[in-house]
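Overview (structure and organization)
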Amino acid sequence: MSRAKLSQDENLSFKINYQLLPKETNQLDLYFSIPTDMGINANTLNEVDFFNANIKSHSAYYSEQLHLPLVQSRFISQTKREKTGYRLNLNLFCYQLRIALDADVKATLQLKEPDEFFPAAALLVEQTERLLKNLRRYTPPDNKLKSYFQNADNYLSWHTEQTFLKLLSRGPKSSEFSDERATLISFCQQESQYRTEQTYNSQVTLDDPNRITNKMKLLERLIEYGVVFNKQTTDLTLNLKRLVKGLVTGVIMAFVMFIVLNARSNFQEVTVALIALLGVIYGLRETFKEDLTQWAWRRIQRKRPKWRNKFKNSVNDDIVCTQTIWLEHIRKKDVPPDVNKLLKQRRQQNKQAAHLMHFCSKNQVHVSEFLPGYDEVQQRITFNMASFVRYLKKGAGKLYALEGQKISKKSVERRYQINLVLRFSTDHSTQIERYKLTMNRSEIVAIELMDEAAVEQ
């Protein structure tokens, strides 16, 4: 069963991942219950600005059980001479190798005992070395294709070295497994020497950590060609907003002209009183025009989608999936009963006055089959809470305590709690959960899934 997974991303952001099958449709709803003392509401937080600056969507091919032994070197074929075909197959192999290596290293780091960790790490080295040899065995003779190979080979070699160095750094330490540790270090040195022999990077770049890291970030994006989709965002409200503005302006102008014509009929000649009256009329028009437009716009666009993301295959520009997005401040009566039920399950001391904001993403896959080796598309939505921070109070203070005959004091910070209800609906099931986001002015301190909130229907 497809599920949405919420987790922390960086200091002030969290992400939600979920998978899509061919021809599947699903919907993700997020209901933010924001305490009023945070000062965040429709007047202080504009939905459009928040979406453009703080909500990012990402979509790519995905394989959940992708591990190093399952990465097939058949994606790199020496018989594929077409420029686009070779690059696509090369990127498929490299992308899968990177994802599989990261997944297996993460699993290995969960082994806390040295007698389990080091044999598993040595096996990873053996598998990775074999896959890299398969990649390098098919070096294309065509100069047009060689640059693609060199970029991918350079990145994979560097990423592999960095990954195994991180593995050694974070893994358990033991003098009994010095041979296995030496094997891992030798493999890292071997990859570093290989890149030097191939002259992939200049000495100036190697001497500057920032330059080499940024270069590899660029190469990483290059190997995502054909695997990670290009995103095209369309504002669905643009023409509607123009129509509303035009209608409001037309209605106001008709009303103003009606008053002006009546005023002219009551004044036989131009006088100071007539000029003053016309000035007041046009002043009122300019004063209330913007307010009336905003009022009419909020009434008309309520519950309407605001944006649509089209995710296109970067090779043939075909639309793989679409994402229709709603984002708006809502009233309590607009909250669905199942969501409201979860929010009421909070403890009495946590039931404080709150402002509600709703995010909705309706997703649809348009193709009936994916590239070989992939059965799903993964979508990731990242929410950056930096826009919330500016309204928070610092609230630092001291906590005093009596320890025997001495009085101690500790610095404390003010924290805020946002209740977040996640509802993920597919054709066959509904997942609904409540999370508690605890944050201060510098970071999201914790994201907790409330035990009583996990419900599947």
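Overview of the structure. Remember, it's a predicted structure, so these values are computed and weren't measured experimentally. (Residues numbered from 1 in each chain as written. Predicted model: local features only at pLDDT ≥ 70, side-chain atom pairs only at ≥ 80, totals over all residues. Heavy atoms only, no water.)

**Considering the pairing of strand S1 (residues 5-8)**
In the sheet, S1 pairs with strand S2 (residues 13-20) via four bridges, with the strands oriented antiparallel. Across the sheet, the residue bridging to glutamine 8 is phenylalanine 14, located in S2. (Pairing = 2+ DSSP bridges. Helix = DSSP H or I, 4+ residues; strand = E, 2+ residues; numbered from the N terminus.)

**Observations regarding a nonpolar patch on the surface**
Where nonpolar side chains cluster on the molecular surface, the patch consists of Met257, Leu261 and Tyr282 and spans about 280 Å² of accessible area. Within the secondary structure, leucine 261 is located in helix H8 (residues 238-266). (Patch = residues over 30% accessible without salt bridge, like charges linked within 9 Å, V, L, I, M, F, W, Y side chains within 5 Å. Areas by Shrake-Rupley, 256 points an atom, 1.4 Å probe, with all protein chains shown as cover. Salt bridge = Lys/Arg side-chain N within 4 Å of Asp/Glu carboxyl O.)

**A look at the packing of aromatic side chains**
Geometrically, a pair of aromatic rings is defined through the distance of the ring centres and the angle of the planes. This structure, assessed with the given rule, holds 11 aromatic pairs. A centroid spacing of 5.3 Å and a plane angle of 10° characterise the contact between phenylalanine 118 and phenylalanine 177, whose relative ring orientation is stacked. Placement of phenylalanine 118 in helix H3 (residues 114-137) and of phenylalanine 177 in the loop between helix H4 (143-170) and helix H5 (178-197) is noted, with a sequence separation of 59 residues between them. Across the pair, phenylalanine 177 and phenylalanine 118 agree in class, each one buried. Aromatic side chains phenylalanine 164 and phenylalanine 187 sit 5.5 Å apart centroid to centroid with 85° between the ring planes, which places their arrangement in the edge-to-face category. One end of the pair, phenylalanine 164, is in helix H4; the other, phenylalanine 187, is in helix H5, and 23 residues separate them in sequence. Pair check on accessibility: phenylalanine 164 and phenylalanine 187 agree, each one buried. Cation over ring: arginine 87 sits above tyrosine 225, and NZ or CZ is 3.9 Å from the ring centre. Over the face of the ring belonging to tyrosine 194 we find arginine 136, whose NZ or CZ atom lies 3.9 Å from the ring centre. (Phe/Tyr/Trp six-rings, centres within 6.5 Å; stacked < 30°, edge-to-face > 60°. Buried < 20%, exposed > 50% of the residue type's maximum accessible area, 1.4 Å probe, protein only. Lys NZ or Arg CZ within 6 Å of the ring centre and 35° of its normal.)

**Some remarks on the sheet that holds S2**
With antiparallel pairing, four strands are arranged side by side in an open sheet as S1-S2-S9-S4. Strands at the two margins of the open sheet, each flanked by one partner only, are S1 and strand S4 (55-62). Here the strands of the sheet are splayed against their neighbours by 20° on average, with no regard to which way each runs. Bridge count for S4 against strand S9 (residues 376-384) is eight bridges, and the pairing is antiparallel. Bridge assignment links lysine 56 to a residue of S9, and that residue is threonine 382. Set on the sheet, helix H1 (residues 47-54) makes contact with S4 and S9; between it and S4 the angle comes to about 45°. (Axes fitted to C-alpha atoms, helices over the stretch in contact; angles between N-to-C directions. Contact = heavy atoms within 4.5 Å.)

**Here we look at the environment of threonine 237**
Positionally, threonine 237 belongs in the loop between strand S5 (230-235) and H8. Judged by relative accessible area, which is 8%, threonine 237 ranks as buried.

**With respect to the layout of surface pockets**
Taken as a whole, the largest pocket holds about 1700 Å³ of empty space. The element best represented in the lining of the largest pocket is helix H2 (residues 83-108), accounting for seven residues. Split by residue class, the lining of the largest pocket holds 16 nonpolar, 14 polar and 17 charged. (1 Å grid on protein atoms, 1.4 Å probe; cavity = no way out; pocket = protein on both sides within 12 Å on 5 of 7 lines; lining within 4 Å. Points joined across faces, edges and corners; volume = space filled by probe spheres on them. Nonpolar A, V, L, I, M, F, W, Y, C, P; charged D, E, K, R; others polar.)

**Thoughts on a negative patch on the surface**
Residues Glu113, Asp115, Glu116 and Glu176 make up a contiguous surface patch of negative charge. Assignment of secondary structure puts glutamate 113 in the loop between H2 and H3. (Lys, Arg positive; Asp, Glu negative; His and termini not counted. Charge placed at Lys NZ, Arg CZ, Asp CG, Glu CD.)

**What about the side chain of glutamine 323?**
Here glutamine 323 shows up in strand S7 (residues 319-330). Assessed through its relative accessible area of 0%, glutamine 323 is described here as buried. A distance of 3.5 Å separates the side chain of glutamine 323 from the side chain of asparagine 363, its partner in a polar contact. Beyond its immediate sequence surroundings of up to four residues, glutamine 323 is in contact with Tyr18, Ser57, Trp307, Arg308, Asn309, Phe311, Ser361, Lys362, Asn363, Gln379 and Ile381. (Polar contact = N/O pair within 3.5 Å; in protein donor to acceptor, adjacent residues only side chain to side chain.)

**Looking at the packing of H3 against H4**
Two numbers describe how H3 lies on H4: the axes approach to 12 Å, and their chain directions differ by 175°. Relative to H4, the element H3 is oriented roughly antiparallel. Contact residues: H3 offers Phe117, Ala121, Leu124, Val125, Thr128, Leu132, Leu135 and Arg136, while H4 offers Phe149, Asp153, Leu156, Ser157, Thr160, Phe164 and Leu167. Per-class residue counts for the contact of H3 with H4 are 10 nonpolar, three polar and two charged. (Parallel < 35°, antiparallel > 145°, perpendicular 65-115°, else oblique.)

**A word on a positive patch on the surface**
On the surface, a cluster of positive charge is contributed by Arg299, Arg302, Lys303 and Lys333. Residue position: arginine 302 is located in the loop between helix H9 (272-301) and strand S6 (307-312). In this structure arginine 302 comes out as partly exposed when scored by relative accessible area, which is 32%.

**Brief notes about unusual backbone geometry**
Of note in the backbone geometry, lysine 23 takes a positive phi value of approximately 60° without being a glycine. Among the residues examined, lysine 23 registers a relative accessible area of 55% and is labelled exposed. Non-glycine residue threonine 199 carries a positive phi angle of around 50°. Among the structural elements, threonine 199 can be located in the loop between H5 and helix H6 (203-207).

Without other data, these values stay purely geometric and don't point to any function.
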